[in-house]
Amino acid sequence: MDVLLEIQGLSKNFGGLKALSNVDITLKPKEILGVIGPNGAGKTTLFNCINGLYRPDSGVIRFEGRPIQALGPDRIARLGIARTFQNIELFANMRTMENIMLGRHVHMRTGIFRGAAMWGRRSFAGREERAHRLTVETIIDLLGLQAVRDKLVGGLPYGTQKLVELARALALEPRLLLLDEPCAGMTAEEKQDMIFWIKDLQDELGVTILLIEHDMRMVMDISDRILAINFGRPIALGAPEAVRRHPDVLEAYLGKQERREPAA
Amino acid sequence: MGTFLENLVTGAALGSIYALISIGMTMVYGLLKILHVAHAGVYVFGALLGLLAFRLTGSILFAFPAAVLGCALMGYLLYRFMYRRVQDEKPLIPLIVGIGMFTAMGDAYRLAAGPYSISFEHGLAQTGIVLGTFHISFNQVLVIGSAAALLVLVWLMVNKTKTGLAWRASAQDREVAMGIGVNSNYMFGLNFMFGSALAGIAGVLVGLYYGAVNANMGEVWAYKVFVVMVLGGLGNVTGTVIAAYLLGLAETFIISSWGYFLPRDAIAFICMILVLILMPNGVMGKRKQV
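Residues numbered from 1 in each chain as written. Chains lettered and ligands numbered in written order. Predicted model: local features only at pLDDT ≥ 70, side-chain atom pairs only at ≥ 80, totals over all residues.

1. Some points on the overall build of chain A
Note the following rule: Put simply, DSSP marks the helices as runs of H or I at least four residues long and the strands as runs of E at least two long, and each gets a number from the N terminus on. Whether two residues are in contact is decided by their C-beta atoms, placed from the backbone, lying within 7 Å.
Scanning chain A for helices and strands turns up ten helices and ten strands. When contacts within chain A are restricted to residue pairs at least 6 apart in sequence, those whose partners lie at least 24 apart make up 67%.

2. What to know about the interface of chain B and chain A
Heads up, the condition is: For this classification, Asp, Glu, Lys and Arg are treated as charged, while Ala, Val, Leu, Ile, Met, Phe, Trp, Tyr, Cys and Pro are nonpolar and the rest, including Gly, are polar.
Tallying the contact residues gives 20 residues for chain B and 27 residues for chain A. Looking at the side of chain B that touches chain A, the elements that each hand over two or more residues are helix H6 (162–172), helix H7 (174–179) and helix H8 (184–210) of chain B. For the side of chain B that touches chain A, the element with the most residues is H6(B), which contributes seven residues. Taken together, the residues of the side of chain B that touches chain A sort by class into eight nonpolar, eight polar and four charged.

3. What about helix H4 (residues 92–113) of chain B?
Residue and element names in this part refer to chain B. Here is the rule: One fewer than the residue count of a helix, multiplied by 1.5 Å, yields its expected span.
Between its first and last C-alpha, H4 extends 31 Å over 22 residues, near the 32 Å set by a 1.5 Å rise per residue. On its buried face, H4 is in contact with helix H2 (39–57), helix H3 (60–86) and helix H9 (219–232). Taken from the residues just after H4, glycine 114 is the one with a positive phi, measuring 80°.

4. Overview of the sheet that holds strand E8 (residues 208–212) of chain A
Residues and elements named next belong to chain A. Under the convention used in this document: Pairing between strands is defined by DSSP: at least two bridges between them are needed. Lines fitted to C-alpha atoms define the axes, with helix axes restricted to the stretch in contact, and inter-axis angles between N-to-C directions lie between 0 and 180 degrees.
On the basis of which strands lie adjacent, the open sheet formed by six strands has the order E6-E7-E8-E3-E9-E10 and mixed pairing. With partners counted over all chains shown, the strands left at the sheet margins are strand E6 (81–83) and strand E10 (233–238), one partner each. This sheet shows a mean twist of 20° between the axes of neighbouring strands, independent of strand direction. Where E6 lies against strand E7 (residues 176–180), three bridges are found, and the strand directions are parallel. The partner of isoleucine 81 across the bridge, within E7, is leucine 176.

5. Description of the environment of B:Arg264
All names here are of chain B. With respect to the element layout, arginine 264 can be found in helix H11 (residues 264–278). Put simply, arginine 264 and tyrosine 79 are 185 residues apart on the chain and 32 Å apart in space, counted from C-alpha to C-alpha. Discounting chain neighbours no more than four positions away, the residues touching arginine 264 are Glu251 and Ile255.

6. Things to note about the packing of H9(B) against helix H10 (residues 237–258) of chain B
All names here are of chain B. The following threshold applies: The cut-offs work like this: below 35 degrees is roughly parallel, past 145 is roughly antiparallel, 65 to 115 is roughly perpendicular, and the gaps in between are oblique. A crossing counts as left-handed when the near helix is turned anticlockwise from the far one by less than a right angle, and as right-handed when that turn is clockwise.
Two elements in contact, H9 and H10, have axes whose closest approach is 7 Å; the angle formed by their N-to-C orientations is 120°. As summarised for this structure, H9 and H10 are arranged oblique, according to the angle between their axes. Like other packed secondary-structure pairs, H9 and H10 cross with a definite hand, here right-handed. Contacts from Val227, Val228, Met229, Leu231 and Gly232 in H9 reach Gly239, Thr240, Ile242, Ala243, Ala244, Leu246 and Leu247 in H10. Looking at the contact of H9 with H10, its residues break down into nine nonpolar, three polar and no charged.

7. Details of unusual backbone geometry
Both trends apply: most residues other than glycine have a negative phi, and most peptide bonds are in trans. All names here are of chain A. So the rule is basically this: Between the buried cut of 20 or more and the exposed cut of 12 or fewer other C-beta atoms within 10 Å of a residue's own C-beta lies the partly exposed class, and all C-beta atoms are placed from the backbone.
Even without being glycine, asparagine 22 reaches a positive phi, approximately 55°. Looking at the secondary structure, you find asparagine 22 in strand E2 (residues 17–27). For asparagine 22, a count of 14 C-beta atoms within 10 Å translates into the label partly exposed.

8. What about the nonpolar core?
Residue and element names in this part refer to chain B. Stated precisely, the cut-off is as follows: Note on terminology: a nonpolar core is a set of buried residues of type Ala, Val, Leu, Ile, Met, Phe, Trp, Tyr or Cys, with members joined through C-beta atoms within 7 Å.
Residues Ile17, Leu20, Ile201 and Ala202 are the most contacted members of the largest nonpolar core, which totals 165 residues. At 16 residues, H8 tops the list of elements feeding residues into this core. For isoleucine 17, the contacting residues outside a window of four places in its chain are Val143, Ala202, Leu205 and Val206.

9. Notes on the sheet that holds E2(A)
Residue and element names in this part refer to chain A. Pairing is antiparallel in the open sheet, where four strands are placed in the order E2-E1-E4-E5. Only two strands of the sheet have a single partner each, and these edge strands are E2 and strand E5 (66–67). Contacts from helix H1 (residues 43–50) reach strand E1 (5–14), E2 and strand E4 (58–63) within the one sheet, and its direction differs from that of E2 by about 65°.

10. A short note on the pairing of strand E3 (residues 32–36) of chain A
Residues and elements named next belong to chain A. With respect to burial, E3 is a largely interior element, four of its five residues being buried. Sheet topology places E3 next to E8; four bridges connect them, and they run parallel. Looking across to E8, one finds that isoleucine 32 is bridged to isoleucine 209. Examined bridge by bridge, E3 and strand E9 (residues 225–230) share four bridges and lie parallel to one another. Paired with glycine 34 across the two strands is isoleucine 226, which belongs to E9.

11. Some words on the pairing of E4(A)
All names here are of chain A. Across five bridges, the pairing between E1 and E4 is antiparallel. Across the sheet, serine 11 pairs through a bridge with serine 58, a residue of E4. Here two bridges tie E4 to E5, and the two strands are oriented antiparallel to one another. When the sheet's bridge partners are listed, phenylalanine 63 is paired in E5 with arginine 66. Counting the residues that bridge the hairpin from E4 to E5 gives two residues, and of these glutamate 64 lies at a positive phi of roughly 50°.

12. What to know about the packing of H2(B) against H8(B)
How two helices sit against one another is set out by the angle between their axes and by the gap between those axes. All names here are of chain B. Their axes nearest at 7 Å, the elements H2 and H8 cross at an angle of 55°. The angle between the axes of H2 and H8 places the two elements in the oblique class. Classified by chirality, the crossing of H8 by H2 is right-handed. Residue-level inspection shows His39, Val42, Tyr43, Val44, Phe45, Gly46, Ala47, Gly50 and Leu51 of H2 in contact with H8, the latter providing Ser196, Ala199, Gly200, Ile201, Ala202, Gly203, Val204, Val206 and Gly207.

13. Considerations on the environment of B:Ile277
One can find B:Ile277 in helix H11. In this structure the C-alpha to C-alpha distance between B:Ile277 and B:Ala171, which are 106 residues apart in sequence, comes to 26 Å.

14. Observations regarding the environment of A:Met97
Residue and element names in this part refer to chain A. If you trace the backbone, methionine 97 turns up in helix H3 (residues 96–103). With 69 residues separating them along the chain, methionine 97 and lysine 28 place their C-alpha atoms 32 Å apart. When near neighbours in sequence (up to four residues on either side) are disregarded, methionine 97 contacts Val136, Arg149 and Asp150.

Function cannot be read off these values alone, since they describe shape.
Below, the structure is given as structure tokens:
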């Protein structure tokens, strides 16, 4: 399949505000597409439409050829789309391990009735439990979260919480990962690590990533292509360098200016 | 000393019943932020079904499964065909729907069972343990013991199972839980079934404890559950259980030492009002989580 996610004519209004109008995106497998735009441009609204928190007013979202714009967020997660949130949305009263284990929920087939009927390590439920723990351990190792696995996430440093949220999203084994400002509020060093990990996810796990980020250097560095939106409308889409120099993008970020030739 | 111990046992038995009735409502509140007033109607349904099964089979052993299955089904239906349709409305709407349903249920029970108390005597009621002046009845052992076992079961399910994990996640943040694939509607349905089954057991236990059931026995409970919930900190399951036992003990000891100067329900509601004014987060005193 050469198209993983296809968005056509996506629009979403809140009252009179056009949060998104006529957005088209085609995402190839294993691609990293960066989404940039000033605050309030509609980036997070786009994510909320893709993962089903919002229902678009018009337009089609196809994931692996299947229209998903009318499905609820739990169905969409089951199809293989995971996300992180701009403001960390972890279950603060739970431990790191529990938060990540929740990401496995979509893959768990033992419900409460079946689980109650089967006890012990050799049963189906017992084997399934161990398989899930193994996957979770792999992710914990990958992101270097061993030291905090049994800590309550509410008390962890901000950067670590961001990682736990990423780990939880990875536990779904998604084919499409939506990252909403994964580096926001991180130190330069943490940002560097995050860039490595995201690259790793693309290279080693073959995850396709849609990424919102304000840090221009990071987003230019990491993305295969970039989509710039402003006032809910796409204004540029293409290679990072081309988008960065696009006049509409410059205008959106810097305001309309008299064009001045750089001094020689 | 004998009086103190007997008060302790009586209070614990009352507290056990309060806990079993209130857990279901607290769980619903924790997950959906709905005040499920019709829960008291489920509790009466359990008592009546238990009595029916007892009359048909002659054994109290059949009363419990009948109440569990019947109430779980009723809880699920209440959710599926009533609350689910209004769960995203303002909280007032499900509250009013619940009150209406509770009133209708009460009338249906009175039509079916009549307005008078019906005897729920079983042979073991008179037996018990006697140690000098200290006396525990079989009923008290039954109530305290089965409540303890059920509370352990609830604790295990909430804290040690994957479904419990998903339940806690949904209670903390429904949207995020759905975003990672938790089917919230399934959780809600399960939640109603489970809480209703506990209320059904409570209904049978109350019937056995007092030797009678009554179609009106839910009237006070529809609102008295609020007392337990408020004392425990709304939506907090552990707090609710602690509050239930505290209330059962407080009622018993206050009446035993100061005489019957007020009906016990009045004492409970006064406690609730005082707690709301003085400790709005409940006796557990937990601040709102950020």
